[in-house]
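# Structure assessment
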Amino acid sequence: MRSMHDTAEVARLVEASNVLDRFDTRELQFLGVQFQKGELICSPINPAEYIYFLIEGSIQMYDLRPDGSKLPVASLSGEVVIGDMEFVTDRPTVFFVEAAEDCTCLALPVAPYREPLGRDVRFLHSLLEDMSEKFERDADVGITNANLNERVVEYLRDKTPSHEITEVETLLYQLRCSRRQLQRVLKQLCDEERLEHLGKGHYRLSEG
């Protein structure tokens, strides 16, 4: 993690992100932080001491299997809040959160603001909205169909504007399956001409 020392740049990020619209509490002191691709933002062994507001980049959330391999949980970009569950439950981070690409975040330290934020109605409502969206997203992807073949097709049809992906990781984190399972399903769908393989990690739903 690299802290941004240019206070004017941090102020610009706060203004551009509209992050203050989430709070009734005023005079909050945000930090600007940057994470390199592959860097852990927080984890069960390095709990979040900040609430992070993702400004640029994307993140991956995962757990670790007993053999040390990753169990994908989610791949997120856009207006993402990291540390919201930890703030609400006052419990350690459950999953590993990693920068999927270089990321810029606004960070609000939890310790000095826990008491006022616990009374901040606007902030608490924003957390409820964020967590509701997470639960709805998980339900949409995880429960729609138990058959992985159909879940892949449904994701490309309903969740991607161009009906294609350019990285297999996208599906791994959305469908929460192993890479071996997914590769087998992608091959089968291509053999059935339901998908087109356009290059490494690049698949598109067939027009038919």
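So, here's what we can say about the structure. In this text, all values refer to a predicted model and were calculated from it rather than measured experimentally.

### Some points on the pairing of strand β12 (residues 202-205)
Because side chains alternate across β12, one face comprises the buried residues Y203 and L205, and the other comprises H202 and R204, none of which is buried. Note that strand β10 (residues 164-165) and β12 share two bridges and pair antiparallel. Bridging across to β12, E164 finds its partner in R204. Between the end of strand β11 (residues 195-199) and the start of β12, which pair antiparallel, lie two residues, with G201 showing a positive phi angle near 70°.

### Focus on the packing of aromatic side chains
What the rule picks out here adds up to eight aromatic pairs. Plain terms: the ring middles of F23 and F30 are 6.0 Å apart, the flat faces sit at 70° to each other, and that makes the pair edge-to-face. For the pair shown, F23 and F30 are each scored as buried. Where F35 meets Y52, the ring centres are 5.7 Å apart and the plane angle is 80°; that geometry is what we call edge-to-face. Of this pair, F35 sits in strand β2 (residues 31-35) while Y52 sits in strand β4 (residues 50-56), placing them 17 residues apart in sequence.

Cut-offs applied
- Residues numbered from 1 in each chain as written.
- Predicted model: local features only at pLDDT ≥ 70, side-chain atom pairs only at ≥ 80, totals over all residues.
- Heavy atoms only, no water.
- Buried < 20%, exposed > 50% of the residue type's maximum accessible area, 1.4 Å probe, protein only.
- Helix = DSSP H or I, 4+ residues; strand = E, 2+ residues; numbered from the N terminus.
- Pairing = 2+ DSSP bridges.
- Phe/Tyr/Trp six-rings, centres within 6.5 Å; stacked < 30°, edge-to-face > 60°.

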